[in-house]
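Reading the structure
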Amino acid sequence: MDRIPDIYRFMFIKHRNISKAIRDIQDNIPESEEKLQILNFIARSERGIMKGIRR
Amino acid sequence: MAYTHVAHDCIVGDHVILANNVNLAGHITIEDHAILGGLVAVHQFVKVGAHAMIGGGSLVMKDVPPFAKAARDPLVMKVSTVLA
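Now for a description of the structure that goes with this document. Being a predicted model, the structure only gives us computed values, none of them experimental.

Another point: unusual backbone geometry. Residues and elements named next belong to chain B. Positive phi values are uncommon outside glycine, yet Tyr 3 reaches one of about 60°. Positive phi, close to 60°, is recorded for Asn 21, a residue that is not glycine. Examined against the element boundaries, Asn 21 turns out to sit in the loop between strand E3 (17-18) and strand E4 (23-24). A residue is classified by how much of its surface remains accessible, and Asn 21, at 30% relative accessible area, is partly exposed.

Bringing the interface of chain B and chain A into the picture now. Residue-level contacts link 27 residues of chain B with 22 residues of chain A. Buried area between chain B and chain A, summed over both chains or domains, comes out near 2300 Å², and the portion from carbon and sulfur atoms is 63%. One salt bridge in this structure joins B:Glu31 and A:Arg44, with 3.6 Å as the shortest N-O distance. Taken together, the connections running from chain B to chain A amount to five residue pairs in polar contact (both at pLDDT 80 or more). Of all the elements, strand E12 (residues 76-78) of chain B adds the most residues to the side of chain B that touches chain A, at three residues.

Core analysis: the biggest nonpolar cluster contains 38 residues, and A:Tyr8, A:Met11, A:Met50, B:Leu24, B:Leu36, B:Val48 and B:Val64 have the highest contact counts within it. Of all the secondary-structure elements, those providing two or more residues to this core are helix H1 (4-14), helix H2 (18-28) and helix H3 (33-44) of chain A. At six residues, the largest contribution of residues to this core is made by H1(A).

Next up on the list: the sheet that holds strand E10 (residues 59-60) of chain B. Residue and element names in this part refer to chain B. The strand order across the open sheet built from four strands is E1-E4-E7-E10, with neighbouring strands paired in parallel fashion. The two strands at the open ends of the sheet, each matched to only one other strand, are strand E1 (5-6) and E10. Where E1 and E4 come together, two bridges link them in parallel fashion. Bridging from a neighbouring strand, His 5 pairs with Asn 23 of E4.

The next thing to look at is the packing of aromatic side chains. For any two aromatic rings, the description comes down to two numbers: the centre-to-centre distance and the angle of the planes. Residue and element names in this part refer to chain A. What the rule picks out here adds up to one aromatic pair over all chains. For the ring pair Tyr 8 and Phe 12, a centre distance of 5.9 Å and an interplane angle of 20° mean the geometry is stacked. Here Phe 12 and Tyr 8 lie together in helix H1, a separation of four residues that amounts to about one turn. A relative accessible area of 2% places Tyr 8 in the buried class.

This part is about the pattern of salt bridges. Residues and elements named next belong to chain A. For the structure shown, the criterion picks out four salt bridges over all chains. Note that Arg 9 and Asp 6 form a salt bridge whose closest N and O atoms lie 2.6 Å from each other. In this pair, Arg 9 and Asp 6 both sit in helix H1, three residues apart, roughly one turn of the helix. Bridged by salt links that share partners, the residues Arg 3, Asp 6 and Arg 9 form one connected network.

Reading the values: rules and limits
- Residues numbered from 1 in each chain as written.
- Chains lettered and ligands numbered in written order.
- Predicted model: local features only at pLDDT ≥ 70, side-chain atom pairs only at ≥ 80, totals over all residues.
- Heavy atoms only, no water.
- Helix = DSSP H or I, 4+ residues; strand = E, 2+ residues; numbered from the N terminus.
- Buried < 20%, exposed > 50% of the residue type's maximum accessible area, 1.4 Å probe, protein only.
- Contact = heavy atoms within 4.5 Å.
- Buried area = accessible area lost by both parts, 1.4 Å probe.
- Salt bridge = Lys/Arg side-chain N within 4 Å of Asp/Glu carboxyl O.
- Polar contact = N/O pair within 3.5 Å; in protein donor to acceptor, adjacent residues only side chain to side chain.
- Core = buried A, V, L, I, M, F, W, Y, C linked by side-chain atoms within 4.5 Å.
- Pairing = 2+ DSSP bridges.
- Phe/Tyr/Trp six-rings, centres within 6.5 Å; stacked < 30°, edge-to-face > 60°.

Given below as structure tokens:
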């Protein structure tokens, strides 16, 4: 559960490319239910994932 | 809640909160435990992930991943102190 911010940090801050972010997430984040859920959702997405981060 | 519109072919999961004046277009999937704030409008064929939270007055044109917190138009991830 505490890995969720790390996953989104890879997606929205470190990478602008979702494919690269997914590869890094799979390599660097330990397996968890939340990680699987997020990656499965992105894989199934038809319209694409929302972009951007707001500070 | 009040004046919410759910159009044709929508799938709304368990324990979802749709605040006042939420409008869902057709063929939308809202997964379990998601929260949509007041006056949120969701474009057709969009999927909102489980435990996602969308701030009031937002226009959702793309999928919102699970556990995300998003708001505004264009829809962006809201940064918490944990994520920054």
